[in-house]
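The lines below spell out each chain.
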Amino acid sequence: MAQQILPLSESWRRIDAWLATHAASDFALLNPPAPRDDIRQAERILGTPLPGDLVESLQCHDGVSAWATFLPEQSPLTVSGIVDRWQTCMDIAAENDGLTRRPWDDEPWWHPLWVPWAESADGGAQVIDRRPGLDTGRIGWAGHSGGGDFTDSWPDLASLLHTVAHALHEGGDVRGLHPYLTAQDRLWWDENGCEELNGQPLRAAPIGLRRPSTSTQCRNRSAWDAVAL
């Protein structure tokens, strides 16, 4: 039986609750909801309505105030960031024939109906594909050296955030990436069995909203001290 995808706002509520409990520094990076007028202005500039699930996401949080790692590979953009990224990619594509698919690429470098909603650590844009067809709404990557990449794309934004919320509250992974907490209690996603990040220890993120017991925290602290030594 196919898993029922939660409404996007409910997935954000669950992610918010987990971050507020276990990763307060990450939770503090989430912006308040985007004003409706800002969303309408963005739609006028892009020349198309924003995807419905993106609007729902922006009405939960207008992106983040600083680049964050509490999602597996993407840091959500603000409404102004969406517009700036779209305009920049349109300008670059127009100057470099980037709107035309080349024979060796499945996709053009950029398309006017790709709506950037987040960015990666290396500056790539995660986009929602607004082109008509069976795949409309899917999520892929664009803005790198090659054409847009929709390999193993998410079917929509709601599915991505649902999977993140499920991993935090019920356990599991997001396409092979598991949740960890850094020594600074920041959420990080990595492969199973990862023990450190940039020389600093990682610990498996708690599942659900129950805080680890004091004894567990002490054992974790001892493990960190041993790694540091």
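Structural notes, computed from the coordinates. (Residues numbered from 1 in each chain as written. Predicted model: local features only at pLDDT ≥ 70, side-chain atom pairs only at ≥ 80, totals over all residues. Heavy atoms only, no water.)

**A look at the overall build of the protein chain**
Operational definition: Here a helix means four or more residues in a row that DSSP labels H or I, a strand means two or more in a row labelled E, and each is numbered from the N terminus. Based on C-alpha atoms, the radius of gyration is set beside the globule rule, defined as 2.2 Å times the residue count to the power 0.38. Working definition: with a 1.4 Å probe on protein chains only, accessible area under 20% of the residue-type maximum means buried, over 50% means exposed, and in between means partly exposed. Per-residue and other accessible areas follow the Shrake-Rupley method at a 1.4 Å probe size, with only the shown protein chains counted as cover for residues. By the counting rule applied here, Lys and Arg register as positive and Asp and Glu as negative, while His and the ends of each chain are not counted. Here the site of a charge means NZ on Lys, CZ on Arg, CG on Asp, or CD on Glu.
Looking only at helices and strands, the protein chain has seven helices and ten strands in total. Taken over C-alpha atoms, the radius of gyration comes to 19 Å for the protein chain, in line with the 17 Å a tight globule of 229 residues would show. When burial is assessed residue by residue, the protein chain has 48% of its 229 residues classed as buried. In the form shown here, the protein chain has an accessible surface area of approximately 11,700 Å², with 50% of it arising from carbon and sulfur atoms. With 18 positive and 32 negative side-chain charges, the protein chain shows a separation of 6 Å between the mean positions of the two kinds.

**Considerations on helix 3 (residues 36–46)**
To keep it simple, the criterion reads: Directions are taken from the helix axis to each C-beta atom, and the arc is the one they span.
Of all the residues in helix 3, the buried ones are Ile39, Ala42, Glu43 and Leu46. The buried residues of helix 3 all sit within an arc of 100° when viewed along its axis, so they share a single face. Exposed side chains of helix 3 directed beyond 90 degrees from the buried face belong to Asp37 and Arg44.

**Here's the deal with the pattern of salt bridges**
Under the convention used in this document: We count a salt bridge whenever a side-chain nitrogen from Lys or Arg sits within 4 Å of a carboxyl oxygen from Asp or Glu.
Taken as a whole and assessed by the stated rule, the structure comprises eleven salt bridges. In this structure, the salt-bridge partner of Asp135 is Arg138, at a minimum N-O distance of 3.7 Å. Note that Arg203 and Asp185 form a salt bridge whose closest N and O atoms lie 2.6 Å from each other. Pair noted here: Arg203 is in strand 10 (residues 203–204) and Asp185 is in the loop between strand 6 (178–181) and strand 7 (187–190), with a separation of 18 residues, a long-range link. Connected through salt bridges with shared partners, the residues Glu107, Asp129, Arg131, Asp135 and Arg138 form a single ionic network.

**Remarks on the sheet that holds strand 10**
Put simply, the rule is: One requirement defines pairing of two strands: DSSP has to find at least two bridges between them. Should any heavy atoms of two residues lie within 4.5 Å, those residues are considered in contact. As a rule, the C-alpha atoms of each element are fitted with a line to give its axis, helices using only the stretch in contact, and angles between N-to-C directions run from 0 to 180 degrees.
With antiparallel pairing, the three strands of this open sheet are ordered in space as 7-6-10. At either margin of the open sheet sits one strand with a lone partner, and together these are strand 7 and strand 10. Judged from the two bridges that link them, strand 6 and strand 10 form a sheet pairing that is antiparallel. Among the inter-strand pairings, Leu181 is bridged to a residue of strand 10, identified as Arg203. Running at roughly 105° to strand 7, helix 6 (residues 157–170) makes contact with strand 6 and strand 7 of the sheet.

**Details of unusual backbone geometry**
For residues that are not glycine, phi is negative in most cases, and the peptide bond is trans in most cases. One non-glycine residue, Asp97, lies in positive phi territory at about 55°. Here Asp97 falls in the partly exposed class, since its relative accessible area comes to 47%.

**Looking at the nonpolar core**
The following threshold applies: Working definition of a nonpolar core: buried Ala, Val, Leu, Ile, Met, Phe, Trp, Tyr and Cys residues. They are joined through side-chain atoms within 4.5 Å.
Counting residues in hydrophobic clusters, the biggest one holds 56 residues, and the most contacted among them are Leu50, Leu54, Phe70, Trp110, Trp117 and Leu157. Broken down by element, this core gets its largest block of residues, eight residues, from helix 6. Ignoring any residue separated from it by four or fewer positions in sequence, one finds Leu54 in contact with Ile82, Val115, Trp117, Ile128 and Leu157.

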